[in-house]
Every structure is written in C-alpha cells, then in structure tokens.
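# Per-entry structural report
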Amino acid sequence: MEESIRQSPREVITHLLWSRSGSIAVVCTALLAAWALFPSNFWLIPIASLPLYFALGVYRRAETMSDLHLSTIEALALAIDAKDQTAHNHIRRVQIYAIGLARAVGLPELEIQGVKTAALLHDIGKLAVPEHILAKPGPLTPEEFQKVRIHPQVGAGIISAVRFPYPVAPLILSHHERWDGRGYPAGLKENDIPLGARILSVVDYFDALTSERPYHQAMSIEGAIGLLQRESGKALDPHVVETFLRELPRLRAQVQTLDLETPRGIAPVFPADGVSSASRSAEVTQPSVFEDIALAHREIYALYQIAQTMGTSLGVADTMAVISSKLTELVPFSACALFLHTEATDMLQCRFATGVDAEILEHLSVRNGQGLTGWVARNRRALVNARPAADFEVAGSDQQTALQSALVCPLIVHDRFIGTLAVYHIEPSFYRDDHRRLLDRVSEQAAAVIHNSIIFEQTQEDSLTDQLTGLPNTRFMFLHLSRELARADRLKAEVSLMVMDLDDFKEINDTFGHHVGDRALREVANALRTAIRPYDICVRYAGDEFIVVLSGCGREEAEGKRVELQRAVDNVELEVRPDLRIPMLISAGTAVFPHDGDSYEALLAKADSRMYRDKSQRKAARAQLRSTEAGAEAPPASRNRAAI
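## Regarding the overall build of the protein
Assigned secondary structure in the protein consists of 25 helices and 12 strands. In the protein, 64% of the contacts between residues at least 6 apart in sequence involve partners at least 24 apart. For the protein, the accessible area works out to roughly 33300 Å², and carbon and sulfur atoms hold 55% of it.

This is the structure in structure tokens:
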C-alpha cells in the first residue's frame with residue numbers, strides 16, 4: 001500500500017510547483033526578485049514571466065482535468081467491456097483500428113481524439129439491451145432486434161451530457177448507419193454519415209467478424225476481408241474500406257503486440273494435464289477489478305443459461321451436458337458427476353460423468369449414508385475438499401483414481417432429495433468456500449432442471465412401453481420397424497416379422513377373470529422376451545397378440561425361430577388354482593422383407609394371414625386329439641386345456 005502512493009522527487013516537485021500554494025510561492029519569489037533587481041532593467045523579466053507562468057498553469061490544469069475525465073470514462077468503458085460475455089477486449093481492438101484508420105484517412109488531430117473516444121464508448125448503449133438478447137446463440141426475433149437497435153441512441157444520449165472538445169455523440173449515434181442508406185437509427189446515406197462514424201462502422205464490423213460470438217464462429221482474416229470487400233459501397237464507405245485494408249497488417253501487428261486477440265481467462269479451468277498450485281497462486285496474487293466484474297456477470301449469465309434448459313425437453317444426459325458446460329465457467333473441475341437417488345433401493349446411482357476417470361465414475365452405485373455421496377444424501381449439506389476415493393471404496397471398486405478433491409452438493413426439489421451434483425479435481429484441497437457457494441447456487445437451479453429431465457425420460461419411456469407386460473408397445477414397434485426396413489433396403493438385407501396370438505385366451509378371461517388373463521399375458525411376455533435374441537424386439541401389439549421383429553433373418557431362420565418361440569410358450573403353465581395349472585398355447589405366422597412385401601403394412605398383413613392359418617391347423621389338431629381321447633381316460637387337468 002505504501003509503495004502504491006510513493007512518488008518520485010520529480011513528481012513531488014512538479015505537484016508542488018503547480019499547486020495553489022506553489023503558485024503563490026512562485027509569484028512571491030518573482031516579486032522579490034523584481035524588487036532586488038529594481039535598480040537595473042532586469043527587474044521586468046520576473047514580472048513579464050508571471051502571465052506566461054499563469055497561462056502554462058491554466059493549460060496544464062485543463063490538460064490534467066481532460067486526462068482525468070478521459071481516464072474515468074475509459075475505466076467505465078473497460079468495466080462495461082469486462083462484463084460482456086460475447087466480446088472481451090472488443091473496444092480495445094476497435095480503438096486501435098479506429099485511431100490508425102482515422103490517421104490514415106487524414107483526419108485532423110482533434111477529430112482523431114473524437115474517434116478515439118467514440119471507439120471507446122460506441123457500445124455503451126448496450127447497457128439498455130438485456131443480456132440474454134446480446135448473448136442469444138440463434139437468430140433474433142423482430143422484437144429482439146428492435147431492442148438491439150436502440151443502443152446507438154441510448155449511447156449518444158448518455159454521452160451528449162459530457163462536453164467533449166470534439167464530436168463524440170454524433171459518431172456513436174451513427175456508427176450503425178449504412179453507406180446505402182439502409183442502416184439505423186436515422187437512415188443516413190453516404191457522406192451524410194459523419195466520417196468518424198463510417199470509420200467506426202468498418203472497424204467494428206471487421207472485429208465482429210473475426211471474434212467468437214454466440215451466434216457465429218470467428219471468421220478467418222481472409223474471410224473477413226472478403227466480406228468487407230463485398231460490403232464496400234453497400235453497407236460500408238468504399239474509400240474507408242480500401243484504406244483500412246491497406247493499413248490492416250500494421251494495425252493487426254499493434255493488436256497482437258498488446259495481446260488483445262485472445263480473450264482473458266476469467267474463470268480458468270485447470271485440466272488434468274495440470275497447472276500447478278504455485279501457478280494458480282501467482283494468478284491470485286495479481287487481482288484485477290475487471291476480472292471480478294467479468295466473473296460476477298459470468299456467474300449471473302451461467303445461472304441464467306442453466307435456468308433456460310428448464311423449458312426444454314431433454315433427457316438426463318443431455319441436460320447434464322448443458323449444465324456441466326456452463327458449470328465449468330464458474331467452478332473449475334477435472335471431472336463432474338451426477339448421482340440420482342432411487343427410493344425403492346435407497347441407492348445413489350451415477351447417471352452422468354465427464355472428465356478425468358469418467359468411465360469409472362459412471363459405474364459407481366453408493367448406498368444412502370455411505371461415502372461422500374451417501375453422506376451428502378443423508379445430511380443434505382455440501383462437502384468441500386472431501387476424498388473422492390471414499391465413494392470408490394464403498395461402491396466396491398478397486399480401481400485407482402487421479403482425482404484428489406471433491407465438492408459435492410445435494411439436489412433438492414420441493415424438499416425432496418433427488419440426488420447429488422459433484423465436481424472433482426486432480427489437486428488436493430483445491431476447492432474453497434466460494435466454489436461451494438457457486439455450486440450451491442447452481443444446484444438450486446439444476447435440481448429442478450434434472451427433475452424435469454427425469455420426468456421427461458419416464459414419460460418418454462411410458463409412451464413407448466406397454467404398462468401391463470413391460471414390453472415395447474405398438475408405437476415403438478412402428479418406429480423400430482421403419483428404421484430396420486430402411487436399413488435392410490439400403491444394405492440389401494432381410495428382416496422377418498412374426499405375428500403371434502394366444503390360443504383360447506378369451507376362455508381364460510371368461511372362466512377365471514381378467515386378473516388371471518393379465519397374469520397369463522405377463523408370463524407369456526417374459527417367456528418371449530427371454531427367448532428372442534438381444535438385438536431383436538418383442539412387442540405387445542393388441543390384446544393377446546404379440547409381434548417379434550427379427551433383424552437380418554431370412555425365411556428358413558424365421559421359421560426355425562417361430563417353432564422355438566412356440567415351444568417356449570408351450571412350456572409356460574399358468575397356475576390358476578392350487579389344484580389347477582393350464583398350459584399356454586400360441587399361434588404364429590411370419591413374413592420376410594423384401595420377399596413378402598416392401599412395407600410394414602404388407603408384411604403385417606402377410607404374417608397375420610399365416611398366423612390365422614396356423615391357428616386353424618392347431619385348433620383342428622387339438623379337436624382331433626380330444627375326439628381320439630373321448631373314449632379313453634381323461635388326462636390330468638394340469639395338461640388338458642379342455643378342462644377350462
């Protein structure tokens with residue numbers, strides 16, 4: 001602190017010389033010198049020098065005040081630039097380009113100062129534009145664009161109250177006018193636009209093209225030059241464009257020398273390849289107020305973007321991908337994981353992980369109350385700098401991890417615990433209380449977003465699942481079959497469709513009740529699910545009908561699979577009473593793409609026809625068997641469907 005206010009002897013003398021008391025001392029000295037020299041003609045010299053001294057003093061004070069005002073405005077402009085999430089150092093680059101271009105086109109020095117100041121303040125009116133519009137990644141709506149268009153007028157209005165000795169407000173007001181008259185706010189054309197504003201338009205456009213923005217990727221210098229040339233004579237003054245392109249190599253060298261091309265690291269992430277604690281400490285020992293401003297606005301904006309995902313229909317993995325990408329701007333991490341709580345088992349299962357050792361984290365399952373995650377679940381409080389290996393140990397994993405410190409926060413929605421959000425770092429004792437505060441804030445919003453994602457996934461699963469049997473439903477079957485037929489057509493492969501229908505199912509419902517019929521459907525579904533290949537699907541189609549889709553299966557293989565599935569169902573015996581068990585019988589028919597049809601409607605019709613033919617044959621065979629056995633002793637009821 002003492003060093004920051006220490007001045008050199010020369011600075012002290014200069015300050016005293018031009019201060020009020022110093023001025024009085026100089027005047028008194030001059031008068032004494034005149035009195036002493038009075039007998040000679042030299043006495044006029046001290047008297048004559050006093051007006052010059054006072055004139056220099058007035059000029060110096062005016063210059064000092066002007067520099068002070070400009071420094072104040074520059075500090076405020078840099079503070080505005082620091083909060084901008086989309087264009088760090090934009091105004092610095094624009095100022096360098098604008099000053100160099102203004103000199104190159106021959107503006108007088110006073111007007112160059114006006115361009116310099118206007119370049120510094122040209123976007124000050126964006127204070128009136130909501131942050132989410134400025135940082136919107138997609139196209140603006142007409143209403144949003146109208147909101148953006150007000151910023152030149154707002155900026156000019158703010159600056160018009162400052163009495164600069166050169167024009168500034170008119171340049172800010174007109175820097176979005178176009179050479180062809182189609183700009184805003186006044187629709188000025190060609191030379192009606194102030195030359196300083198035309199200079200700002202060119203350099204602002206070039207820097208916007210070559211900077212990373214939410215709505216576009218940074219363009220190459222060559223690509224930006226090409227666009228400038230195409231807009232020359234349309235949006236931009238052709239003479240100014242020509243001069244700028246001629247001066248561009250020299251101006252870009254200045255920008256690169258000042259290291260303004262790469263945005264400053266405001267919330268650095270220290271990845272696995274490592275930045276040492278000493279390096280991090282070195283950064284911390286050189287604090288920047290502008291970085292503090294930027295960090296505050298990054299925090300607000302990151303929280304806003306997380307909240308935005310609440311209105312989208314995303315699954316848990318997609319939601320966490322969004323949240324983790326925004327979280328890294330606030331809380332540095334080497335890995336991030338989401339654990340969700342299952343009430344039925346009282347376990348916390350990792351549903352998402354990214355970063356270092358993510359493949360190990362994804363397989364962790366921790367009981368409530370155990371390990372870091374279980375402790376947070378039980379106590380509903382955050383853990384800071386805990387040992388990540390504790391979760392690996394209680395989950396029974398013997399794999400080693402490079403992660404050394406963990407910050408774990410609970411996820412709570414309407415007083416209901418749903419899981420934990422954890423960040424990990426490869427450095428020990430990495431996290432601080434400020435990190436915990438930020439992760440707590442994120443978790444408050446993320447909990448609701450993740451809860452919505454869970455509901456979305458469950459709803460989506462329910463819409464594609466038969467609630468009685470747990471098999472995929474008809475809607476899922478049509479989606480799957482459409483994809484399989486398109487793939488088979490592209491690869492010239494075969495797909496088989498099998499339609500299956502339970503025999504005499506109506507008699508089961510009529511005799512024993514629908515609750516027994518439902519149980520019969522569930523047991524048959526389990527038998528079919530177990531018998532099909534892992535990459536095939538079995539669907540409950542309607543009532544007592546099932547459909548099996550066999551990928552890459554020709555006619556001969558499909559017929560063999562039909563017999564196998566029928567035998568699997570034949571082995572199912574449904575216990576309807578302690579003394580009565582009845583067998584399940586099923587009829588089936590197959591159709592093969594592309595031989596029996598090139599659409600699922602044609603295949604379904606063909607397989608359905610063959611299934612009914614099979615049903616008729618099986619029914620006739622059973623009738624013949626009953627007729628043959630009519631005069632003989634009846635078989636045990638447990639194997640006789642006639643007992644129904």
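## As for the pattern of salt bridges
When charged atoms on two side chains of opposite charge get close, those side chains can pair. On inspection of all chains with the given rule, the structure shows 29 salt bridges. In this structure, Arg-387 engages Glu-393 in a salt bridge whose closest nitrogen and oxygen atoms are separated by 3.1 Å. Between Arg-577 and Asp-579 there is a salt bridge whose closest N-O contact spans 3.3 Å. Linked through salt bridges whose partners overlap, the residues forming this network are Asp-501, Asp-503, Asp-504, Lys-615, Arg-618 and Arg-622.

## Examining the sheet that holds strand S2 (residues 347-355)
Hydrogen bonds along the backbone pair up the strands of a sheet, which may run parallel or antiparallel. Pairing within the open sheet is antiparallel, and its six strands lie in the order S3-S2-S1-S6-S5-S4. If you trace the sheet from one side to the other, it starts and ends with strand S3 (365-367) and strand S4 (383-386), each paired once. Across the sheet, the mean angle separating the axes of adjacent strands is 25° when strand polarity is ignored. Bridging between strand S1 (residues 335-342) and strand S6 (residues 416-425) involves six bridges; their strand directions are antiparallel. Across the sheet, Ala-335 pairs through a bridge with Tyr-424, a residue of S6.

## Some thoughts on the environment of Arg-436
Looking at where Arg-436 falls in the secondary structure, it is placed in helix H20 (residues 433-463). A relative accessible area of 29% means that Arg-436 is categorised as partly exposed. Reaching out from Arg-436, the side chain makes a polar contact with the side chain of Asp-440 at a distance of 2.7 Å.

## Some thoughts on helix H23 (residues 514-531)
Taking 1.5 Å per residue as the helical rise, H23 with its 18 residues ought to reach 26 Å, and the 26 Å between its terminal C-alpha atoms agrees with that figure. Among the residues of H23, Val-516, Gly-517, Ala-520, Leu-521, Val-524, Ala-525, Ala-527, Leu-528 and Ala-531 are the ones counted as buried.

## Regarding the sheet that holds strand S8 (residues 537-542)
The sheet built from four strands is open, its strands ordered S8-S9-S7-S12 with antiparallel pairing. The open sheet has two edge strands with one neighbour each: S8 and strand S12 (586-593). In this sheet, adjacent strand axes meet at a mean angle of 20° when their direction is disregarded. Of the pairings in the sheet, the one linking strand S7 (residues 495-502) to strand S9 (residues 545-551) comprises seven bridges and is antiparallel in character. What sits directly across from Met-500, in S9, is Phe-546.

## Remarks on empty space enclosed by the protein
Considering all chains together, one arrives at two cavities of 30 Å³ or more under this definition. In this structure, the second largest cavity occupies an estimated 40 Å³ of space. Around the second largest cavity sit Glu-177, Trp-179, Ile-193, Arg-198, Ser-201, Ala-235, Leu-236 and Asp-237, which together line it. When its residues are assigned to classes, the lining of the second largest cavity shows four nonpolar, one polar and three charged.

## Digging into helix H9 (residues 151-159)
For H9, the set of buried residues is His-151, Pro-152, Gly-155, Ala-156 and Ile-159. Across the axial projection of H9, the buried residues extend over an arc of 130°, all falling on one side.

## Thoughts on the side chain of Asp-596
Its place among the elements puts Asp-596 in the loop between S12 and helix H25 (600-629). Assessed through its relative accessible area of 14%, Asp-596 is described here as buried. Within the structure, the side chain of Asp-596 is placed 3.2 Å from the side chain of Arg-555, a separation counted as a polar contact.

## A few points about the packing of helix H12 (residues 221-231) against helix H13 (residues 238-257)
A pair of packed helices is captured by two measures, namely the crossing angle of their axes and the spacing between those axes. Between H12 and H13, whose axes approach to 10 Å, the crossing angle comes to 160°. Considered as vectors, H12 and H13 are oriented roughly antiparallel to each other. Note on packing geometry: the crossing formed by H12 with H13 is right-handed. Only Val-241, Phe-244, Leu-245, Leu-248 and Arg-252 of H13 make contact with H12, whose side of the interface consists of Ile-221, Ile-225, Leu-228 and Gln-229. Its residues assigned to classes, the contact of H12 with H13 shows seven nonpolar, one polar and one charged.

## Points about the nonpolar core
Judged by nonpolar contacts, the single largest core of 42 residues is most densely connected at Tyr-97, Leu-121, Ile-159, Ile-199 and Phe-244. The element best represented in this core is helix H5 (residues 90-104), accounting for eight residues. The residues contacting Ile-159, other than those within four sequence positions of it, are Leu-121, Ile-124, Phe-164, Val-168, Ala-169 and Ile-172. Core analysis: the second largest hydrophobic core is formed by 32 residues, Val-516, Leu-528, Leu-565 and Met-584 among them.

## Notes on the side chain of Lys-615
Mapping Lys-615 onto the fold places it in helix H25. Those residues in contact with Lys-615 that lie beyond four places of it in its chain are Asp-501, Leu-502, Asp-503 and Ser-587.

## Observations concerning unusual backbone geometry
Residue Pro-185 follows Tyr-184 across a cis peptide bond; omega there is 10°. Note that Pro-185 resides in the loop between helix H10 (169-174) and helix H11 (195-209). Following Phe-593, the chain continues to Pro-594 via a peptide bond in cis, the omega torsion being 5°. You will see that Ser-429, though not glycine, has its phi angle at about 50°, which is positive.

## A word on the environment of Glu-484
Within the secondary structure, Glu-484 sits in helix H21 (residues 474-491). The buried category is assigned to Glu-484, whose relative accessible area is 11%.

## Brief notes about the confidence of the model for the protein
Scored by pLDDT, the protein has a mean of 80; 74% of the residues are at 70 or more. Here residues 262-287 is modelled with pLDDT under 50, and outside its nearest four sequence neighbours on either side it reaches 38 contacts, counting other chains as well. Contacts of residues 637-644 to residues separated by more than four positions or lying in other chains number 22 contacts, the stretch itself having pLDDT below 50.

## Topic: the pairing of strand S11 (residues 580-583)
As paired strands, strand S10 (residues 573-577) and S11 are joined by four bridges and run antiparallel to one another. Across the sheet, the residue bridging to Glu-575 is Arg-581, located in S11. Hairpin remark: S10 followed by S11, antiparallel, with two residues in the connecting loop.

## Some remarks on the packing of H5 against H13
Across the interface, H5 lies against H13 with an axial gap of 9 Å and an inter-helix angle of 130°. Classified by the angle their axes make, H5 and H13 are oblique. The handedness of the crossing between H5 and H13 is right-handed. Across the interface between the two elements, Arg-93, Ile-96, Tyr-97, Gly-100, Leu-101 and Ala-104 of H5 pack against Val-240, Thr-243, Phe-244, Glu-247, Leu-248, Arg-250, Leu-251, Arg-252, Gln-254 and Val-255 of H13.

What counts as what
- Residues numbered from 1 in each chain as written.
- Predicted model: local features only at pLDDT ≥ 70, side-chain atom pairs only at ≥ 80, totals over all residues.
- Heavy atoms only, no water.
- Helix = DSSP H or I, 4+ residues; strand = E, 2+ residues; numbered from the N terminus.
- Contact = heavy atoms within 4.5 Å.
- Areas by Shrake-Rupley, 256 points an atom, 1.4 Å probe, with all protein chains shown as cover.
- Salt bridge = Lys/Arg side-chain N within 4 Å of Asp/Glu carboxyl O.
- Pairing = 2+ DSSP bridges.
- Axes fitted to C-alpha atoms, helices over the stretch in contact; angles between N-to-C directions.
- Buried < 20%, exposed > 50% of the residue type's maximum accessible area, 1.4 Å probe, protein only.
- Polar contact = N/O pair within 3.5 Å; in protein donor to acceptor, adjacent residues only side chain to side chain.
- Expected span 1.5 Å × (residues − 1).
- 1 Å grid on protein atoms, 1.4 Å probe; cavity = no way out; pocket = protein on both sides within 12 Å on 5 of 7 lines; lining within 4 Å.
- Points joined across faces, edges and corners; volume = space filled by probe spheres on them.
- Nonpolar A, V, L, I, M, F, W, Y, C, P; charged D, E, K, R; others polar.
- Arc of directions from axis to C-beta.
- Parallel < 35°, antiparallel > 145°, perpendicular 65-115°, else oblique.
- Left-handed = near helix turned anticlockwise from the far one by under 90°.
- Core = buried A, V, L, I, M, F, W, Y, C linked by side-chain atoms within 4.5 Å.
- pLDDT = per-residue confidence, 0-100.

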